Amino acid sequence: MTSARAVDDIVKSEYEHGFSTEIESDTLPPGLNEDVVRAISLRKGEPEFMTEWRLKAYRHWLTMREPEWAMVNYPKIDFQSISYFSAPKRPEDGPQSLDEVDPLLLETYEKLGIPIEEQKALAGIAVDAVFDSVSIATTFRKTLSEAGVIFCSISEAVHEYPDLVKPYLGSVVPHTDNYYACLNAAVFSDGTFVYIPKGVRCPMELSTYFRINARNTGQFERTLIVAEAGSYVSYLEGCTAPQRDENQLHAAVVELIAMDDAEIKYSTVQNWYPGDAQGKGGIYNFVTKRGDCRGARSKISWTQVETGSAITWKYPSCLLRGDDSVGEFYSVAVTKGRQQADTGTKMIHIGKNTSSTIVSKGISAGEGQQTYRGLVRISQRAENARNHTQCDSLLIGDRCSANTVPYIEVKHPSAKMEHEATTSKISEDQLFYCRSRGLTEEDAVSMIVNGFCKEVFNELPMEFAVEAQKLLSISLEGAVG
Amino acid sequence: MLSVKGLKANVGDKEILKGLDLEIAPGEVHAIMGPNGAGKSTLSHVLSGREGYEVTAGSATFLGQDLLALAPEERAQIGLFLAFQYPVELPGVNNTYFLKAALNSLRKARGEPELDAVSFLRLIKEKLKILDLDDALLKRAVNAGFSGGEKKRNEIFQMALLEPRLAILDETDSGLDIDALRVVADGVNALRSPERSMIVVTHYQRLLDYIQPDYVHVLAKGRIIRSGGKELALELEEKGYGWIDSEGQAA
């Protein structure tokens, strides 16, 4: 009895970060054609190679069809009703310091608990806050530049470092890769560029907060991180969004490149608006994230905590090309209410002695629907490849579902593959045990769920782990089964 | 402290408790013995508020409050504690963290300030000393991969920390060898006090060699059919439940 009531409560619980900031946006009218693509490029004052790059992608996009294989249902997207560019006013004379930042904007960040100011500085994290599409505040540039690290918006990088951007942009996720990645290549608004020179250990954790704001605006972020030989970088990405009525499309692309002995650690906490009780108005998150372990002994590690979005379609992947390279994927995904997620990873073993680890924790509550979809491919050349996959699902209530769809392709006989999968429910016994010690149902659920996710949280940088646990507790408020 | 009157409870359509009476005063230790299926665990569960039981008649008053109207956590907050027969595993949940959350939720409910990490660790150390326990258990996930003895000791440790007014030990002796039994019993004895009452539910007499009860009750077929001092336990041990069962029926 209590269970049914409580599960209903979470469906009704309102999105905590559901508010919006009134800032005038310089927005292109809805619709997509070559002129719009050109207009975006023009507004951003891009060099010609970028305009051409975008147009090539756009033309290819016209020949593609939306993918339908994922286990998610949503009404067809009208790409002509989306506005493809939105930036806060006055981008040219953009703020040089926080004093110049629109106070309303700062207030928004405050509400979200994003400590862009001193707290973050003291914590040693450089913040590149993306509001809508244009980066508005970058801190710690100086410390980073002394180390030779480039950390800037991708628009800026296109101007300032075209020789660094050109060879890498689209080299991991080519515009022909998939429908949404192709759309992103044509219309991407802004994003982040990180370059770590040879042998440099990035002196701080780099952090970018994304936030979708302007009404009816698709958001097409693009991130490119290049780690030269022997370098190391840890990058944090976190998202929240204000409440909206229309569905908002987000089709980001993230490309990571790790050269010999380089390591990239990419952590995400995603908390976008999941929609109302009927599932109306949530974000569609169709993201392509891929890391290329190009060099020998390189390592790329994805850690993600996904609690938001109406629909998530996301498979952070690793191409293990360098010999002895390592790929990791640690994921916690929560679906509640009417949320749908089809998420997982791809580990493509190409080099010799490559190894990969996949730890996926899926939590479904309410009428949440979740699919883990993972591919492990050992190619013909990948001698002595190893993979360990652990894939656990936790169900809360009896109206949610969890599916596991592992694909394993082994073309070399020396491969060592391990695959473990479990599906469990939070048991009455566990809940009663906690409650008999004085904990409320909610605290008990939160504790059990956090315990379930521990292996993944352990991979997150300390600050993020705390945030992630909090987020999980908020997400599952009232979710008792 | 605890007053149970005419308590009847069903599981599904089946009546398990058929009019049970029990009076416990502060500081008393009551043993409840009985054969399998007598309703011992049902009594523990009904008193601690587990779902799945329907109380059809009677009352249970604890410290002046209607116990049966309270949620399990509220019962814990006013000082009831159940040591589980089968302590539940919580994978990934650190034992120390769990204990701190539990203690602070009790303190919060009682309007006391929550303990910070430092004072909590100090308290833990103190309690470990009283019970002569190894702190290795505290670093592991709650009950996960614990041996039977470790689980039971962990229960007693929780009791020491949460300092209940009334503790129900539900077949705490089951699955323990004689050494583990002694450790657990020593822990329980260390926690006896004039303010704290205990209900020791057990199938066998041997636990009562170590924990000396003030009263022994025999529970059979959902009722307490005989009460007495600790000599009753010895008599039971000698003659078996069959004796009391047939007598109970005759009576």
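The rules behind each value
- Position numbers for residues count from 1 along each chain, tracking the sequence in the order it is written.
- Following the order in which they are written, the chains are lettered starting with A and the ligands numbered starting with 1.
- For a predicted model such as this one, the threshold for reporting local features is a pLDDT of at least 70, and the threshold for listing and counting side-chain atom pairs is 80 or more; totals across whole chains, interfaces and linings nevertheless cover every residue.
- The basis for every side-chain value is the complete set of heavy atoms in the structure, and neither hydrogens nor water enter the calculation.
- Helical segments are the DSSP runs of H or I of at least four residues, strand segments are the runs of E of at least two, and each set is numbered from the N terminus.
- Atoms counted for the radius of gyration: C-alpha only. Globule rule: 2.2 Å times the number of residues to the power 0.38.
- Any two residues whose heavy atoms approach within 4.5 Å are treated as being in contact.
- Calculation of accessible area relied on Shrake-Rupley with a 1.4 Å probe; when residues are assessed, cover is drawn exclusively from the protein chains displayed.
- The positive count covers Lys and Arg only, the negative count covers Asp and Glu only, and His and the chain ends enter neither.
- All charge positions are set by atom: Lys at NZ, Arg at CZ, Asp at CG, Glu at CD.
- Exposure is judged per residue with a 1.4 Å probe applied to protein chains only, and the accessible area is read against the type maximum: over 50% gives exposed, under 20% gives buried, and values in between give partly exposed.
- One fewer than the residue count of a helix, multiplied by 1.5 Å, yields its expected span.
- UniProt positions are given in the numbering used here, feature names are shortened, and annotations may be inferred rather than shown by experiment.
- Buried Ala, Val, Leu, Ile, Met, Phe, Trp, Tyr and Cys residues that are joined via side-chain atoms within 4.5 Å together make up what is termed a nonpolar core.
- When DSSP finds two or more bridges between a pair of strands, those strands are recorded as paired.
- A fitted line through C-alpha atoms serves as each axis, taken over the contacting stretch for helices, and the angle formed by two N-to-C directions is quoted from 0 to 180°.
- Should an angle fall under 35 degrees it is taken as roughly parallel, and over 145 as roughly antiparallel, whereas 65 to 115 is taken as roughly perpendicular and any remaining angle as oblique.
- Note on convention: near helix rotated counterclockwise from far helix by under a right angle means a left-handed crossing. Clockwise means right-handed.
- Residue type decides the class: Asp, Glu, Lys and Arg count as charged, Ala, Val, Leu, Ile, Met, Phe, Trp, Tyr, Cys and Pro as nonpolar, and the leftover types, Gly among them, as polar.

The next subject is the overall build of chain B. Of regular secondary structure, chain B possesses eight helices and 10 strands. Its C-alpha atoms give chain B a radius of gyration of 18 Å, near enough to 18 Å, the size a compact globule of 251 residues would have. A sequence separation of at least 24 residues applies to 68% of the contacts in chain B between residues at least 6 apart. Working note: accessible area of chain B is about 10,900 Å², and carbon and sulfur atoms make up 49% of it. Computed over 30 positive and 36 negative side-chain charges, the separation of the two mean positions in chain B equals 2 Å.

Attention shifts here to the overall build of chain A. When you go through chain A residue by residue, the secondary structure sums to 13 helices and 23 strands. Across the 481 residues in chain A, those meeting the buried criterion constitute 62%. A sequence separation of at least 24 residues applies to 85% of the contacts in chain A between residues at least 6 apart. Summing over all exposed atoms, chain A offers an accessible surface of approximately 18,000 Å²; the carbon and sulfur share of this is 48%.

All names here are of chain A. Over its 12 residues, helix H11 (residues 441-452) extends 16 Å from the first C-alpha to the last, a length consistent with the 16 Å expected when each residue adds 1.5 Å. Within H11, 10 of the 12 residues are buried, which leaves it mostly tucked inside the rest of the structure. Looking at H11, one finds that the buried residues are Glu 441, Ala 444, Val 445, Ser 446, Met 447, Ile 448, Val 449, Asn 450, Gly 451 and Phe 452.

Relative to the helices and strands, Cys293(A) resides in strand E13 (residues 283-293). Cys293(A) has contacts with Ala258(A), Ser298(A), Lys299(A), Ile300(A), Leu319(A), Leu320(A), Arg321(A), Gly322(A), Ser325(A) and Val326(A), leaving out every residue within four places of it along the chain.

The UniProt record marks residues 142-202 of chain A with the feature "domain: SUF system FeS cluster assembly SufBD N-terminal" (unreviewed entry), using the residue numbering of this structure. Span residues 142-202 of chain A is 46% helix and 18% strand, its end C-alpha atoms 13 Å apart.

The next point concerns the nonpolar core. Grouped together as the largest cluster of nonpolar side chains are 63 residues, with contacts concentrated most on Ile363(A), Val449(A) and Ile199(B). Ranked by residues supplied to this core, first place goes to H11(A) with six residues. In contact with Ile199(B), not counting residues within four places along its chain, are Leu2(B), Leu22(B), Ile24(B), His30(B), Ile32(B), Leu47(B), Leu166(B), Ala167(B), Ile168(B) and Leu169(B). Among the nonpolar cores identified, the runner-up in size contains 55 residues, and Met64(A), Ala185(A), Tyr195(A) and Phe220(A) belong to it.

So, on to the environment of Ser41(B). Residue and element names in this part refer to chain B. Structurally, the position occupied by Ser 41 is in helix H1 (residues 40-48). Note on Ser 41: relative accessible area 22%, which makes it partly exposed. In this structure the C-alpha to C-alpha distance between Ser 41 and Tyr 97, which are 56 residues apart in sequence, comes to 28 Å. Among all residues touching Ser 41, those that are not within four sequence positions of it are Gln 85 and Asp 170.

What follows deals with helix H3 (residues 48-62) of chain A. Residue and element names in this part refer to chain A. An ideal rise of 1.5 Å per residue puts 21 Å on 15 residues; H3 measures up with 21 Å between its terminal C-alpha atoms. Of all the residues in H3, the buried ones are Met 50, Thr 51, Trp 53, Arg 54, Leu 55, Ala 57, Tyr 58 and Trp 61. In this structure, the buried residues of H3 make contact with helix H2 (34-43), helix H7 (154-160), helix H9 (179-187) and strand E8 (221-227).

Residue and element names in this part refer to chain B. Pairing is mixed in the open sheet, where six strands are placed in the order E6-E7-E8-E3-E9-E10. Looking along the sheet, the strands with just one partner apiece sit at the ends: strand E6 (80-83) and strand E10 (223-228). Averaged over neighbouring strand pairs, the angle between their axes works out to 20 degrees when direction is ignored. In this structure, strand E3 (residues 29-33) lies alongside strand E9 (residues 215-220), joined through four bridges in parallel fashion. Within E9, the position partnered with His 30 by the bridge is Tyr 215. Helix H5 (residues 148-162) contacts E6, strand E7 (166-170) and strand E8 (197-202) of the sheet and is inclined by roughly 170 degrees relative to E6.

With that settled, consider the packing of helix H10 (residues 428-435) of chain A against H11(A). Residue and element names in this part refer to chain A. Interaxial distance between H10 and H11 falls to 9 Å at its minimum, and their mutual angle equals 120 degrees. Taken together, H10 and H11 sit at an angle that is classed as oblique. Of the two elements, H10 crosses H11, and the hand of that crossing is right-handed. Contacts between H10 and H11 involve Gln 430, Leu 431, Cys 434 and Arg 435 from the first element and Glu 441, Ala 444, Val 445 and Ile 448 from the second. Among the residues making up the contact of H10 with H11, the classes are represented as five nonpolar, one polar and two charged.

Once that is clear, we can look at the pairing of strand E16 (residues 317-320) of chain A. In the case of a regular strand, side chains alternate between the two sheet surfaces. Residues and elements named next belong to chain A. The alternating pattern of E16 places Ser 317 and Leu 319 on one face and Cys 318 and Leu 320 on the opposite face, and all of these are buried. As paired strands, E13 and E16 are joined by four bridges and run parallel to one another. Bridging across to E16, Gly 291 finds its partner in Cys 318. Note: E16 against strand E18 (residues 340-349), four bridges, orientation parallel. Each bridged residue has a counterpart across the sheet, and for Cys 318 the counterpart in E18 is Met 347.

Residues and elements named next belong to chain A. Between H3 and H9, whose axes approach to 7 Å, the crossing angle comes to 145 degrees. With respect to the hand of their crossing, H3 and H9 are arranged in left-handed fashion. Where H3 abuts H9, its residues Trp 53, Arg 54, Ala 57, Tyr 58, His 60 and Trp 61 lie against Tyr 179, Cys 182, Leu 183, Ala 185, Ala 186 and Val 187. The residue inventory of the contact of H3 with H9, partitioned by class, reads 10 nonpolar, one polar and one charged.

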